[in-house]
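# Close look at the chain arrangement
Okay, here's what each chain looks like letter by letter:
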Amino acid sequence: MIADMHTHSVNSHDSVCEIEDMCLSQMQKGTKIFAVTDHCDVFLYKDYDIYTPIKNSADTVRTLNEKYADKCLILSGVEISEGFWYNREYEKIHSLLAYDVILGSVHCVRFKELEKPYSGIDFSKLTIEQIYSYMDCYFNDMLEMISTMDFDVLAHMTCPLRYITGKYGVKVDLSAFDGKITEILKAIISKGIALEVNTSGYAAIKDGIPGKEILKKDFDMGGYLITLGSDAHIAENASYCFDKAIGTLKEIGFKNIYYYKNREAHQINI
């Protein structure tokens, strides 16, 4: 048994994938449990309705769970980012539904004039000093999110590298941020927040997000709550490269991964 705890659907602003198509792809790949965690980028609440798509996602999950009850368990979730920017809107989305899982993520960084999704930043126009400063701010925002928001899984911990390195070819030595990374891992371990291995990184940077060194640090610090997330926005990417991620986890010493139902962690042996 395996579980994909991070997928997106037509209810996310950057996907047109129907949840049923994702479900069929997951089952074809042998995955019997997956979560639909559509985006709720709280900072966009002024631009469009961030609440209705999450409700629509949950309604579809409910219907499909009835249809595929004997074949697949579909979990209802949400990926909340920048919730600490606008507390009232965050509280509204947080209490909107009885989620199975809540992912916490940082998609935007409060960095000078670049306060927009890092997926849309041209990092080739930044100096290496600016990029390192940006990453420092990214980790600072992540620490603030962990201390102020209630969520179950820390999503794609080093996600900007998917663009900085994967798209623009700029290598970043994460050892420069070892202190911040240690703080983040210590905080999530103490709060019982799972660390996600986001496998979308295998396409962009040939490694999971975060990579092996951070996963080993988490293990050495006593972390054990690990989830796998494909971050699939199209059905074909369901459970992407999970075999590689599980191989890395086993090599480090992890014995289990987890899935969340009713916001409680459930163990899966690997």
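The present account deals with the structure reproduced in this document. From a predicted model like this one, the values you see are computed outputs, not experimental measurements. (Residues numbered from 1 in each chain as written. Predicted model: local features only at pLDDT ≥ 70, side-chain atom pairs only at ≥ 80, totals over all residues. Heavy atoms only, no water.)

### A short note on the state of the cysteines
According to the stated counting rule, one finds zero disulfides in the structure shown. In this structure Cys17 is a free cysteine whose sulfur lies 11 Å from that of Cys23, the closest cysteine sulfur available. On the basis of relative accessibility, which here comes to 7%, the residue Cys17 falls in the buried class. Cys23 supplies the cysteine sulfur nearest to Cys72, a cysteine that is in no disulfide, at a spacing of 4.2 Å. (Disulfide = S-S within 2.5 Å. Buried < 20%, exposed > 50% of the residue type's maximum accessible area, 1.4 Å probe, protein only.)

### Section: the nonpolar core
Residues Phe123, Tyr138, Met142, Ile146, Leu154, Met157 and Leu228 are the most contacted members of the largest nonpolar core, which totals 82 residues. Among the elements that make up this core, the one with the highest residue count is helix H4 (residues 128-148) (10 residues). Other than its neighbours up to four places away in sequence, Met157 contacts Tyr138, Phe139, Met142, Ile181, Ile184, Leu185, Leu195, Ile209, Pro210 and Ile214. By size, the runner-up hydrophobic cluster in this structure holds 15 residues, among which are Cys17, Ile19, Met22 and Phe34. (Core = buried A, V, L, I, M, F, W, Y, C linked by side-chain atoms within 4.5 Å. Helix = DSSP H or I, 4+ residues; strand = E, 2+ residues; numbered from the N terminus. Contact = heavy atoms within 4.5 Å.)

### Remarks on the pattern of salt bridges
Oppositely charged side chains can pair when the atoms bearing their charge come close. Under the counting rule described, the total for this entry stands at 12 salt bridges. Put simply, Lys180 and Asp136 hold a salt bridge, and the shortest N to O gap is 2.7 Å. Of this pair, Lys180 sits in helix H6 (residues 178-191) while Asp136 sits in helix H4, and the two are 44 residues apart along the sequence. With a closest N to O distance of 3.5 Å, Arg162 and Asp231 form a salt bridge. In this pair, Arg162 is assigned in helix H5 (residues 161-164) and Asp231 in the loop between strand E7 (226-229) and helix H9 (242-252), connecting sequence segments 69 residues apart. Here the residues in one salt-bridge network are Arg110, Asp141 and Glu144, joined through shared partners. (Salt bridge = Lys/Arg side-chain N within 4 Å of Asp/Glu carboxyl O.)

### Looking at the pairing of strand E1 (residues 3-7)
With five of its five residues buried, E1 lies for the most part within the structure. Here E1 runs beside strand E2 (residues 33-41); their pairing, made up of three bridges, is parallel. Across the sheet, the residue bridging to Thr7 is Val36, located in E2. At this point the chain moves from E1, through helix H1 (residues 19-28), to the parallel E2, and the crossover so formed is right-handed. (Pairing = 2+ DSSP bridges. Right-handed = clockwise from strand over helix to strand, strands pointing away.)

### Describing unusual backbone geometry
Following Ile209, the chain continues into Pro210 via a peptide bond in cis, with omega recorded as 5°. Here Pro210 lies in the loop between helix H7 (201-204) and helix H8 (212-220). The phi dihedral of Lys206 is positive, around 60°, even though this residue is not glycine. Examined against the element boundaries, Lys206 turns out to sit in the loop between H7 and H8. Among the residues examined, Lys206 registers a relative accessible area of 66% and is labelled exposed.

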